[in-house]
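Geometric and topological summary
Below are the chains, spelled out letter by letter.
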Amino acid sequence: MIRFLFALVVVLLPALGRAEPPTASAETSPGGIAYTLLHLPGNKDVAVTAAWPTDWACRAGVNQAAPIVGTHLILSGGADGYPAGEVIETFADLKAEARLYLSAQDHVIGEIVTRKENLSEAARIANAHLRAPTLDEGWFARIRDGVEQNMAAARARPSHAGFAAVRWAVFGDQPLRNSLSLDAPGVFRDLSRADVAAWHRETFTRNPEAVVVAGDIDAAAAGRAVDALLAGLPDTTPDISRRVRADFTPRRILLHLPDAKATSLAFIAPLPPTQEGGELEDLILTGALGGQRGVLFDAVRTRLRASYGFSAGFSNYTRELRVLFMAGEVEPDRLTEIERTVHAAYAGFRKDGPEGKLAARKAPLRARFAKMPDFVLDVTRSELQSALDGHAPGRALGLAAEVDSVTQESLRARLVGAYPETDDFIVIAVSPDANALPDACVITVPQQASGCR
């Protein structure tokens, strides 16, 4: 999951010259909705975010494309008094934005960002679309077909096919795998407007799992905005069940694609979920491992003089199923050499930790987090994710201090206690040469990876 550091770029201008420090408090709206208020003195904008829990991705008997099409369709497909397609211009006139999107398959996130004086109107418009969307048939077909085309284009890339093969290896033919890949036969062709309507009815209620309001706004005004956003939604709490079997047994897999224009190589292994801590250490460690001039860059580009680089990072299948990855394109005739080099570089890194001064690695993170309260959407997104992880209100305002608490000892403890050993990775290569990765399980389509052992 992409969290506080790598949020989407926000074009709203920061508040300048804050006279008072930001504060956080746990509040309850007049209608009884619990939320976190981040009071940001001097900021002209207000953001309201909510996270609705869902288990649609883990369920059989439903169309797994409904959530991604639905999150695009609800705000663009019209509502009572709002013709389809016009809400974007209406929000632009209010200097406002609204979004719906999936977060790690476990939540649907809704966001409003607007000038404070337009908050009531923006919340009213968003509520109309959440409460009784038209789901216009023409817009439904357009969005469904557009998402399908985007997914087809992505599947044509060798690296995407490799990650699809890993999902088959880890999850087999479970619903979550199709939710992540959206490649089951007919998943888009068979999707109906009724599927999206059913998903909408059970997802949006008056009881999100977490709600955050941020801006130069008091609790009374914030509470009214929360109630306005959720007015008229069903007062129910869904019974969520996310039973998933994940098999991260180390395997070496070669996806043989004779027409592939590039050769890719990736290593994937599980990491603990963010609610168990260590996330700031992970940001520093993956930056040192796979960032520009990091350990993998030095090993692959500098020492091997290979033409391509290698990156590293972490991502989420779900909030509970989080992975470390190392990946890159490689020269076809050097695949095994680069595999050995990456293995050795990672083993040394896990043993010795990052080189250089820790203060220099922490400085960019600290600066980014210190400025985050100037941007209402960034800080609200961060706070919402922290709330879902069970943190006390205000964590997003204290991330700079959390960076200060990272030490060489905590990094070493994180590497030893949480990071996979060298032989714990699933290795996936995609190549036009069926013999490019010795002793690998050779497959010709991603779904065959479920049989690799």
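Residue positions are given per chain, counting from 1 as you read along its sequence in written order. Per-residue local features are limited, in this predicted model, to residues with pLDDT of at least 70; the limit for side-chain atom pairs, both in listing and counting, is 80 or more; totals at the level of whole chains, interfaces and linings are taken over all residues. Processing note: side-chain calculations cover all non-hydrogen atoms of the structure and skip hydrogens and water entirely.

A look at the overall build of the chain
- Secondary structure counts use DSSP, requiring at least four H or I residues in a row for a helix and at least two E residues in a row for a strand, with both numbered from the N terminus. Across its full length, the chain carries 15 helices and twelve strands.
- Computation of the radius of gyration draws on C-alpha atoms, with the globule rule given as 2.2 Å multiplied by the number of residues to the power 0.38. Taking 2.2 N^0.38 as the reference for a compact globule, 453 residues should give roughly 22 Å; the C-alpha atoms of the chain span a radius of gyration of 23 Å, in line with that estimate.
- Counting all 453 residues of the chain, 54% fall into the buried class.
- For this analysis, residues touch if any pair of their heavy atoms sits within 4.5 Å. Looking at the chain alone, contacts between residues at least 24 apart form 82% of all its contacts between residues at least 6 apart. Here's how the labels work: a residue is buried when its accessible area is under 20% of the maximum for its type, exposed when over 50%, partly exposed in between, all with a 1.4 Å probe on protein chains only.

Here's the deal with the pairing of strand β5 (residues 107-115)
- Burial runs high along β5: eight of the nine residues are buried.
- Across nine bridges, the pairing between strand β3 (residues 45-53) and β5 is antiparallel. Residue pairing across strands places Val46 opposite Thr114, the latter belonging to β5.
- With seven bridges joining them, strand β4 (residues 97-103) and β5 adopt antiparallel strand pairing. Bridge pairing in β5 places Glu97 opposite Val113.
- Here β4 folds back onto β5, and the loop between the two strands holds three residues, one of which, Ala104, carries a positive phi near 50°. Strand pairing is defined by DSSP finding a minimum of two bridges between the two strands.

Here's the deal with the confidence of the model for the chain
- Looking at the chain, pLDDT values average 93 and 96% of them are 70 or higher.
- Confidence drops under pLDDT 50 across residues 1-18; counting only partners more than four residues distant or on other chains, this segment forms 49 contacts. Note: pLDDT gives the predictor's confidence per residue, expressed from 0 to 100.

Comments concerning the sheet that holds strand β2 (residues 34-39)
- With mixed pairing, the six strands of this open sheet are ordered in space as β1-β2-β6-β3-β5-β4. Whereas interior strands pair on both sides, the edge strands pair on one side only; in this sheet they are β1 (23-28) and β4. Going across the sheet, the axis of each strand differs from the next one's by a mean of 15°, ignoring polarity.
- Looking at chain direction, β2 and strand β6 (residues 210-215) are connected through four bridges and run parallel. Bridging across to β6, Thr36 finds its partner in Val212.
- Packed on one face of the sheet, helix α1 (residues 66-76) meets β4 and β5 and runs near 170° to β4. Here, axes are lines fitted to C-alpha atoms. For helices the fit covers the stretch in contact, and angles between N-to-C directions go from 0 to 180 degrees.

Examining the side chain of Glu111
- Positionally, Glu111 belongs in strand β5.
- Given the relative accessible area of 3%, Glu111 is considered buried.
- Whenever two N or O atoms come within 3.5 Å, that pair is a polar contact, provided that in protein one can donate a hydrogen and the other can accept it, and provided that, for residues adjacent in sequence, both atoms are side-chain atoms. A polar atom in the side chain of Glu111 sits 2.6 Å from the side chain of Tyr101.
- Once residues within four sequence positions are removed from consideration, Glu111 is found in contact with Val48, Thr49, Glu97, Ala98, Arg99, Tyr101, Leu377 and Arg381.

Let's talk about the packing of aromatic side chains
- Any two rings among Phe, Tyr and Trp, with Trp reduced to its six-membered ring, count as a pair given centres within 6.5 Å; such a pair is stacked if its planes are under 30 degrees apart, edge-to-face if over 60, and tilted if neither. Summed over all chains, the structure comprises seven aromatic pairs.
- Taken together, a centroid distance of 5.0 Å and an interplanar angle of 90° make the contact between Tyr346 and Phe425 edge-to-face. Placement of Tyr346 in helix α11 (residues 335-352) and of Phe425 in the loop between α15 (408-418) and β11 (426-431) is noted, with a sequence separation of 79 residues between them. The exposure classification of Tyr346 matches that of Phe425, with both residues buried.
- Members of the aromatic cluster, joined through ring pairs, are Phe267, Phe310, Tyr346 and Phe425.

Thoughts on the pattern of salt bridges
- We count a salt bridge whenever a side-chain nitrogen from Lys or Arg sits within 4 Å of a carboxyl oxygen from Asp or Glu. Applying the stated criterion across every chain, the model contains 25 salt bridges.
- With its nearest N and O atoms 2.9 Å apart, the salt bridge here joins Arg303 to Asp298.
- In this structure, a network of salt bridges that share partners links the residues Glu97, Arg99, Glu111 and Arg381.

Quick notes on the sheet that holds strand β10 (residues 322-330)
- Taken together, the six strands give an open sheet; going across it, the order is β9-β10-β8-β11-β7-β12, and neighbouring strands pair in mixed fashion. Only two strands of the sheet have a single partner each, and these edge strands are β9 (311-316) and β12 (441-443). Pairwise comparison of adjacent strand axes, ignoring direction, gives a mean angle of 20° for this sheet.
- Across six bridges, β9 lies against β10 in antiparallel orientation. Across the sheet, Ser315 pairs through a bridge with Val323, a residue of β10.

Remarks on unusual backbone geometry
- In this structure, Lys95 is a non-glycine residue whose phi angle is positive, near 55°.
- Along the chain, Lys95 turns up in the loop between α2 (87-93) and β4.
- Notably, Ala104 is not glycine yet its phi reads approximately 50°, a positive angle.
- Secondary-structure assignment places Ala104 in the loop between β4 and β5.

Considering helix α9 (residues 279-290)
- Between the first and last residue of a helix there are one fewer steps than residues, each counted as 1.5 Å, and that sum is the expected span. Given a rise of 1.5 Å per residue, twelve residues ought to cover 16 Å, and the 16 Å separating the end C-alpha atoms of α9 matches this to within 8%.
- Within α9, eleven of the twelve residues are buried, leaving the element largely enclosed by the surrounding structure.
- Taken residue by residue, α9 has Glu279, Leu280, Glu281, Asp282, Leu283, Ile284, Leu285, Thr286, Ala288, Leu289 and Gly290 as its buried positions.

Describing the pairing of β1
- Here β1 runs beside β2; their pairing, made up of six bridges, is antiparallel. Residue Thr28 lies in a different strand from β2, and its bridge partner there is Ala34.

Some remarks on the state of the cysteines
- When two cysteine sulfur atoms lie within 2.5 Å, the pair is treated as a disulfide. The final tally for this structure, using the stated rule, is one disulfide.
- One disulfide in the model links Cys441 with Cys452; its S-S distance is 2.1 Å. An S-S torsion of about -70° defines the bridge between Cys441 and Cys452 as left-handed. Of this pair, Cys441 sits in strand β12 while Cys452 is found in the segment after β12, placing the two residues eleven residues apart along the sequence.
- Overall, the relative accessible area of 24% leaves Cys441 in the partly exposed class.
- Looking at Cys452, the relative accessible area reads 1%, which means it is buried.

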